Amino acid sequence: MNKQIIHILKGMPATDGAGVKLTRAIGQPKLPNLDPFLMIDEIRSDDPNDYIAGFPPHPHRGFETLTYLMHGSMEHNDSTGGHGLINSGGVQYMTAGKGIIHSETPKQDQGLLWGFQLWINLPAKHKMVDASYVDITKEQIPVLPLKQDKTRLKLIAGQVSNFDKTGPVVRDDIQLQIYDISSEVEHQQSLMFNHNARGYIYVYQGQIQVNQQQITSSHVVTLGEGCTVDLTLFPDSGALVVMGDPIGEPIVQYGPFVMNTNEEIQQAFVDLDAGRLG
């Protein structure tokens, strides 16, 4: 049975950090979250004025961030001592846990910067774990050739049926699966998931069909119950496929903090003011 299509929404223009221009697909008023996912932003510009100021030091608590860069270069620094330089095709994976302060700085002053940041929730029992950070290079991400090398699936997290590869990002508690699938030619592909898994497909280029529904660039389609997703990729198209099991707990978010209660949000601000966060 095909997974149910719940929403088809266009990403909305937004700014974040020190005025970085982006497109926000999840985390917007019409779709504030999609358990276990909290946000997806796309940054795509060849105008340095849109991105050069980056994201100066700022706090997080209670969730994870995953930054996937299609093109360009971005530097990460954080209060745990974590440091990395992400280049085209690489991933930064950070667990904010009980608290972290980090910055993300474009390491270019010209050319195209194109990437995505995903926010992924943590369950209550893990919200106060120690913060951590890992850099994942392009070479560490398996690329599965689906049609004579004209259609490719980059396996960032999870597995794909009939392939023995596993993505380098692991969240076993929600059976996280993240694919970047792109094609130079028209191609049909069926993907299998757990019946209860929820998630979304964000089209970043061209147009695709999801279970016979036409989806164009900068749109997100959210998926409910079911096991199969039938994709038709048209020439020069690409999309991120993001799936995971719902956590099923209250989501209380205030800016950079995502907890289960208002009291926990208030405590995060108290800890930030007291210098105990990060």
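These numbers come from a predicted model, not from an experiment.

Caption draft 1: Region of interest: the layout of surface pockets. Counted as a void, the largest pocket has a volume near 420 Å³. Taken together, 28 residues make up the lining of the largest pocket; nearest its centre are Asp16, Arg24, Met39, Asp41 and Trp119. Taken together, the elements giving at least two residues each to the lining of the largest pocket come down to strand 3 (20-26), strand 4 (37-45), strand 5 (55-60), strand 6 (63-71) and strand 11 (113-121). Per element, the largest residue contribution to the lining of the largest pocket is five residues, and it comes from strand 11. When grouped by side-chain class, the residues that make up the lining of the largest pocket number 14 nonpolar, 10 polar and four charged. Contributing to the lining of the second largest pocket are 16 residues, with Gly158, Gln159, Gln175, Leu176 and Gln177 lying nearest its centre. Residues belonging to the lining of the second largest pocket are distributed by class as follows: six nonpolar, eight polar and two charged.

Caption draft 2: Representation of the nonpolar core. One finds Leu66, Phe116, Val169 and Tyr200 to be the most contacted residues of the largest nonpolar core, which totals 31 residues. Elements represented by at least two residues in this core include exactly strand 3, strand 4, strand 6, strand 9 (91-95), strand 11, strand 14 (151-157), strand 17 (198-205) and strand 22 (237-244). For this core, the element with the highest residue contribution is strand 11, accounting for four residues. Membership of the second largest hydrophobic core comes to 23 residues, among which are Tyr179, Ile215, Leu233 and Val241.

Caption draft 3: Spatial organisation of the sheet that holds strand 13 (residues 143-145). If you trace the seven strands from one edge of the open sheet to the other, you get 1-20-17-22-15-14-13, paired in antiparallel fashion. Sheet topology places strand 1 (5-10) and strand 13 at the edges, where each strand pairs with a single neighbour. With direction set aside, neighbouring strand axes in the sheet form an average angle of 20 degrees. Of the strand pairs in this sheet, strand 14 and strand 15 (residues 177-183) are connected by six bridges, and their pairing is antiparallel. Residue pairing for strand 15: Leu153 is matched across the bridge by Ile181.

Caption draft 4: Main features of empty space enclosed by the protein. Applying the stated rule across the entire model yields one cavity of 30 Å³ or more. If you add up the space inside the largest cavity, you get close to 40 Å³. Along the walls of the largest cavity sit Tyr68, Gly89, Lys138, Ile141, Val143 and Lys154, which together make up its complete lining. Within the lining of the largest cavity, the residues separate by chemical class into three nonpolar, one polar and two charged.

Caption draft 5: Representation of unusual backbone geometry. Residue Pro36 follows Asp35 across a cis peptide bond; omega there is 10 degrees. Along the chain, Pro36 turns up in the loop between strand 3 and strand 4. Despite not being glycine, Gln212 has its phi angle at roughly 75 degrees, a positive value. Structurally, Gln212 is set in the loop between strand 18 (207-210) and strand 19 (213-216). Even without glycine at this site, Asp236 takes up a positive phi of about 60 degrees. With respect to the helices and strands, the residue Asp236 is situated in the loop between strand 21 (228-233) and strand 22.

Reading the values: the criteria
Residues numbered from 1 in each chain as written. Predicted model: local features only at pLDDT ≥ 70, side-chain atom pairs only at ≥ 80, totals over all residues. Heavy atoms only, no water. 1 Å grid on protein atoms, 1.4 Å probe; cavity = no way out; pocket = protein on both sides within 12 Å on 5 of 7 lines; lining within 4 Å. Points joined across faces, edges and corners; volume = space filled by probe spheres on them. Helix = DSSP H or I, 4+ residues; strand = E, 2+ residues; numbered from the N terminus. Nonpolar A, V, L, I, M, F, W, Y, C, P; charged D, E, K, R; others polar. Core = buried A, V, L, I, M, F, W, Y, C linked by side-chain atoms within 4.5 Å. Buried < 20%, exposed > 50% of the residue type's maximum accessible area, 1.4 Å probe, protein only. Pairing = 2+ DSSP bridges. Axes fitted to C-alpha atoms, helices over the stretch in contact; angles between N-to-C directions.

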